[in-house]
Amino acid sequence: MDKLAINGGNAVRDTFLSYGKQSISEEDINFVSGVLRGDYLTTGPYVETFEEKIADYVGAKYAVAVCNGTAALHMACDAVGLKPGDEVIVSPLTFAASANCILYMGAKPVFADINPDTLNIDPLSIKSKITTRTKAIIPVHFSGNPADLDSIQCIARENQLHVIEDAAHALGATYKNTKIGALSDLTEFSFHPVKPITTGEGGIVTTNDDKLYKKMKLFRSHGITRDRSLINDKHGDWYYEQLSLGYNYRIPDINCALGISQLQRLDEFTKRRRQIAHMYDEKLCELGEIELPIRSSIGESSYHIYVIRLKLDYLTVGRRKIYDALRAENIGVNVHYIPVYYHPHYAALGYKKGLCKNAEESYERIITLPIHPSMDDNDVYDVINAVNKVIKKFRI
Ligand SMILES: *Cc1c(COP(=O)(O)O)cnc(C)c1O
């Protein structure tokens, strides 16, 4: 058997393959250059066009674009009127921003456990965490695989809660043949470079609700408006009013131009991600020492990430060693995610280990394999070969 790179053997490939990466075309570059020659750098016509195109793509009435996905989550939490003392139920197996946005409002994140099959938030656990202070649920579509929205919305209706979907992974994913983005009160997407499409940094919230939309537009830009229907208009044209406390979360026209150009390529990106996932499914299922992501029966994943789980009982080493060995083979594996409440900031707020058993158990054995649209078939085979090489070395 080939000697592992970590033990001084040859790596499966010469160059490092990262777990996620943007795909920028010459058309993208030309389109963005055009903005630099125009009149606007920050809020200009491309912001609105981008919002319209995203809203259109997901089938929502409105979209409000901001400078990143985290700001978008903050904006969504403000729109539903979270107050200090309120509780919001969220998954722990996610990026910290999914819960930080609750803290920004002075409200309290309450972690519900995940379903160990899908790694998505478990509706039964949500139910058990509801109190009189609960105001909202933030389901995260983990890896782009849709969460159980019907059950979540049913719980939300029964308890009069808002649903804010963290769909940072899920632009292009579908739930029961409908695009994610118009199924809840509010849906947030991120346009960070590893996400389904990129604007460099950027985020957006989609909604069908007129009131939430207007509130978000104010929040994005200081709470200030020039809309004559909203303000006391006995003044001249220079006049504007700050109606509430907002932030400067605006996204520049430059970024939105990139987003518009990228959006044209989204379906092609999603198709490629799904192809790669199917190649992994097909070639890695022979390895009894790992579990592959479960394909959802209620929707189609956008495969933002491809997360395998090690069956540690069948291996002679732990996740750390497998991770290091794959990295030495030049495969940029990663781990998504450290349970949010493990972080020192959350520990200091009083969250303790043992809170969500399934999330904690999964965390010990997850590894993210590279998946992004600019990977060619050889890249995919390198990952498959490296996983085979490493797992076979460490099987019992
Ligand atoms: C990326 C991400 C965010 C935040 O997005 P940014 O644009 O990086 O601020 C939020 N939630 C999840 C699950 C993410 O993966």
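Coordinates for the structure precede this section.
Residues numbered from 1 in each chain as written. Predicted model: local features only at pLDDT ≥ 70, side-chain atom pairs only at ≥ 80, totals over all residues. Heavy atoms only, no water.

Caption draft 1: Quick look at the environment of Asp56. Secondary-structure assignment places Asp56 in helix H2 (residues 45–58). When its relative accessible area of 64% is taken as the criterion, Asp56 is described as exposed. (Helix = DSSP H or I, 4+ residues; strand = E, 2+ residues; numbered from the N terminus. Buried < 20%, exposed > 50% of the residue type's maximum accessible area, 1.4 Å probe, protein only.)

Caption draft 2: Representation of the pattern of salt bridges in the model. Per the stated rule, a full pass over the model turns up 17 salt bridges. Residue Asp377 pairs with Arg272 through a salt bridge whose shortest N-O separation is 2.9 Å. In this pair, Asp377 sits in helix H13 (residues 377–394) while Arg272 sits in helix H9 (residues 266–284), placing the two residues 105 residues apart along the sequence. Overall, the relative accessible area of 15% leaves Arg272 in the buried class. Taking the shortest distance from any N to any O, the salt bridge between Glu329 and Lys389 comes out at 2.9 Å. Of the two residues, Glu329 sits in the loop between helix H10 (319–328) and helix H11 (344–348) while Lys389 sits in helix H13, which places them 60 residues apart along the sequence. Residues joined by salt bridges that share partners form a network here, namely Glu291, Arg309, Glu361 and Arg365. (Salt bridge = Lys/Arg side-chain N within 4 Å of Asp/Glu carboxyl O.)

Caption draft 3: Fine view of unusual backbone geometry. Residue Tyr337 is bonded to the preceding His336 through a cis peptide linkage, with omega at 0°. The topology assignment puts Tyr337 in the loop between H10 and H11. A positive phi is found at Lys176, a non-glycine position, where the angle reads about 45°. By the secondary structure assignment, Lys176 is in the loop between strand S6 (174–175) and strand S7 (178–179). Looking at Lys176, the relative accessible area reads 46%, which means it is partly exposed. Unlike most non-glycine residues, Asn177 shows phi in positive territory, near 65°.

Caption draft 4: Representation of the packing of H10 against H13 within the structure. Where H10 meets H13, the closest approach of the two axes is 10 Å, and the angle between their N-to-C directions is 140°. Accordingly, the angle class assigned to the pair H10 and H13 is oblique. Of the two elements, H10 crosses H13, and the hand of that crossing is right-handed. Facing Lys321, Ile322, Ala325 and Leu326 of H10, the residues of H13 in contact are Ala386, Val387, Val390, Ile391 and Phe394. Taken together, the residues of the contact of H10 with H13 sort by class into 8 nonpolar, no polar and 1 charged. (Axes fitted to C-alpha atoms, helices over the stretch in contact; angles between N-to-C directions. Parallel < 35°, antiparallel > 145°, perpendicular 65-115°, else oblique. Left-handed = near helix turned anticlockwise from the far one by under 90°. Contact = heavy atoms within 4.5 Å. Nonpolar A, V, L, I, M, F, W, Y, C, P; charged D, E, K, R; others polar.)

As far as function goes, none of this settles anything; it's purely spatial.
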